[in-house]
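Notes for the structure review
Each chain, letter by letter, is given below.
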Amino acid sequence: MNHEPKIGFVSLGCPKALVDSEQILTRLRAEGYGVVPTYEAADLVVVNTCGFIDAAVTESLEAIGEALAENGKVIVTGCLGAKGSVVRDLHPSVLAVTGPHACEDVLAAVHTHLPRPHDPFLDLLPPQGIKLTPRHYAYLKISEGCNHRCAFCVIPQLRGDLVSRPVGEVLQEAEILVRSGVKELLIISQDTSAYGVDVRYRTGFWNGRPLKTHLTALAAALAGLGAWVRLHYVYPYPHVDELIPLMAENKLLPYLDVPLQHASPRILKAMRRPANAGSALERIRRWREICPDLTLRSTFIVGFPGETEQDFTRLLEFLAEAELDRVGCFSYSPVEGAPANQLPDPVPEEVKQERQARLMALQATISARRLKEKIGRILTVLVDCIDEEGDVIGRSTADAPEIDGVVYIQKAANLPVGEFAKVRVVDADEHDLYAERF
Ligand code: SF4
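Residues numbered from 1 in each chain as written. Predicted model: local features only at pLDDT ≥ 70, side-chain atom pairs only at ≥ 80, totals over all residues. Heavy atoms only, no water.

Some remarks on the pattern of salt bridges
To keep it simple, the criterion reads: One speaks of a salt bridge when a side-chain nitrogen belonging to Lys or Arg is within 4 Å of a carboxyl oxygen belonging to Asp or Glu. For helices the rule is a DSSP run of H or I covering at least 4 residues; for strands it is a run of E covering at least 2, with both sets numbered from the N terminus onward. A simple rule labels every residue: compare its accessible area, found with a 1.4 Å probe on the protein chains alone, to the largest value its type can have, and call it buried under 20%, exposed over 50%, or partly exposed in between.
Evaluation of the coordinates by the stated rule reveals 31 salt bridges. The salt bridge partner of arginine 297 is aspartate 404, with a shortest N-O separation of 2.6 Å. In this pair, arginine 297 is assigned in strand β14 (residues 295–302) and aspartate 404 in the loop between β17 (392–395) and β18 (407–410), connecting sequence segments 107 residues apart. Each member of the pair, arginine 297 as well as aspartate 404, carries the same accessibility label: buried. Ionic pairing is found between glutamate 349 and lysine 352, a salt bridge with its closest N-O pair at 3.4 Å. One end of the pair is glutamate 349 and the other is lysine 352, both in helix α12 (residues 349–372) and three residues apart, which spans about a single turn. Look at lysine 352 and you get buried, because its relative accessible area is 8%.

Laid out in structure tokens, this is it:
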């Protein structure tokens, strides 16, 4: 008879929340709890919530309601948990509510309501921990929180100021992941370039050697592990320039996800962004000179309060000049508790939608042109999956999982998932490439 206490787990939200979920699951599994995929089979359910925008709040509250209806014993964690009494007001019967990045608190609540088993099955735990992403790529969170105070964002309220993980701990986790078969490490945080600022770039240790808690040192060490290393949420601070030669030498993936949000100095100021579009253009030009293969991704917000047609035109001009490879665009919507909610001159909804459509149309032509230039090239791809039609779907160095395009590989059904392959690009559209096995 199996007395293993069983936990159901619902993970909502961004990659950072996913990393929290993985840490909690890894610890629970290490203590001998089973993790089951249905409410019926679970003795208790943990819901990791997102509270970033109103739609995410609604989704999280619905998920908690469903777990209560189907199972009855529910512990809530994540960003929504940090938002005062929102959860308890609607769902007073939840067993416990914690904020984000609160692995210890979640475990304590689980122990209270579902005592830990006496004989932990430590040997059942894979050395890399429990990964919710496919085994061949993994998110690696290097810090928590943020020192900026962008007007539209409540992350610092929810997660606090920047706290960098010790450099040795990050590298140890990365090493274990790579040893257990992970081929691509996706480096995430709220502000990757700021890594180490909170500890004044103090010197840590990895495998007995001293190493600064600094993005350049960390990236150089990660580059030596033999996996693809992809950097997300990198603000263009001066020291980011030091990473570009590593990309040109193929040590780091030639890929930078730089969240710029706007290009009009007026709007950037109103947003309280730590950036300036003029210098961003200059940086981009220099980066591409050093590393012509560099893929640049960014996100933008249109319809921020006070955005005039002139501001928006400036943004379009920036995009036309910068020729970014990948662009995400959100139409501004207020987030409960964000300082931007107090700003005058809201942009009417239909104008926001129209600007978003215009921006995406411009970017589609830029993206299509840049992808077309790849026709005929030989690329290395990481095979992600085989779809229902039997087509193989991979990603090149230019494609981050879930947010960018993919490479469809024709006539290659026997390519193994999670392995690298060489392909020749034969066609392209606005977002994706089409290739044959080389
Ligand atoms: S940099 Fe700005 S948008 Fe990003 S997490 Fe920090 S405050 Fe929020």
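A short note on the site of the ligand
For clarity, the cut-off: When we say a residue is near a molecule or strand, we mean one of its heavy atoms is within 4 Å of it. In this classification, Asp, Glu, Lys and Arg are treated as charged, Ala, Val, Leu, Ile, Met, Phe, Trp, Tyr, Cys and Pro as nonpolar, and every other residue, Gly included, as polar.
Looking at the ligand, the residues that line it are Cys146, His148, Cys150, Phe152, Cys153, Ile155, Pro156, Gln190, Tyr235 and Arg273. Looking at the shell around the ligand residue by residue, the classes come out as seven nonpolar, two polar and one charged.

Observations regarding unusual backbone geometry
Excluding glycine, residues mostly have negative phi values, and the peptide bonds linking residues are mostly trans. The phi dihedral of tyrosine 233 falls on the positive side, at around 55°, and the residue is not glycine. Topologically, tyrosine 233 is positioned in the loop between β12 (228–231) and α8 (244–248). Using a relative accessible area of 22% as the deciding quantity, one classes tyrosine 233 as partly exposed.

With respect to the side chain of histidine 239
Formally: Whenever a nitrogen or oxygen atom comes within 3.5 Å of another N or O atom, the pair is scored as a polar contact, on the condition that within protein one atom can donate a hydrogen and the other can accept it, and that pairs from neighbouring residues in sequence are kept only if both atoms are in side chains. Residue contacts are defined here by distance: any two heavy atoms, one from each residue, within 4.5 Å place the two residues in contact.
Secondary-structure assignment places histidine 239 in the loop between β12 and α8. Of the residues examined, histidine 239 reaches a relative accessible area of 14% and is grouped as buried. A distance of 2.9 Å separates the side chain of histidine 239 from the backbone oxygen of serine 193, its partner in a polar contact. Excluding its chain neighbours within four sequence positions, the residues that come into contact with histidine 239 are Ser193, His214, Leu215 and Thr216.

Read these as geometric descriptors, not functional statements.
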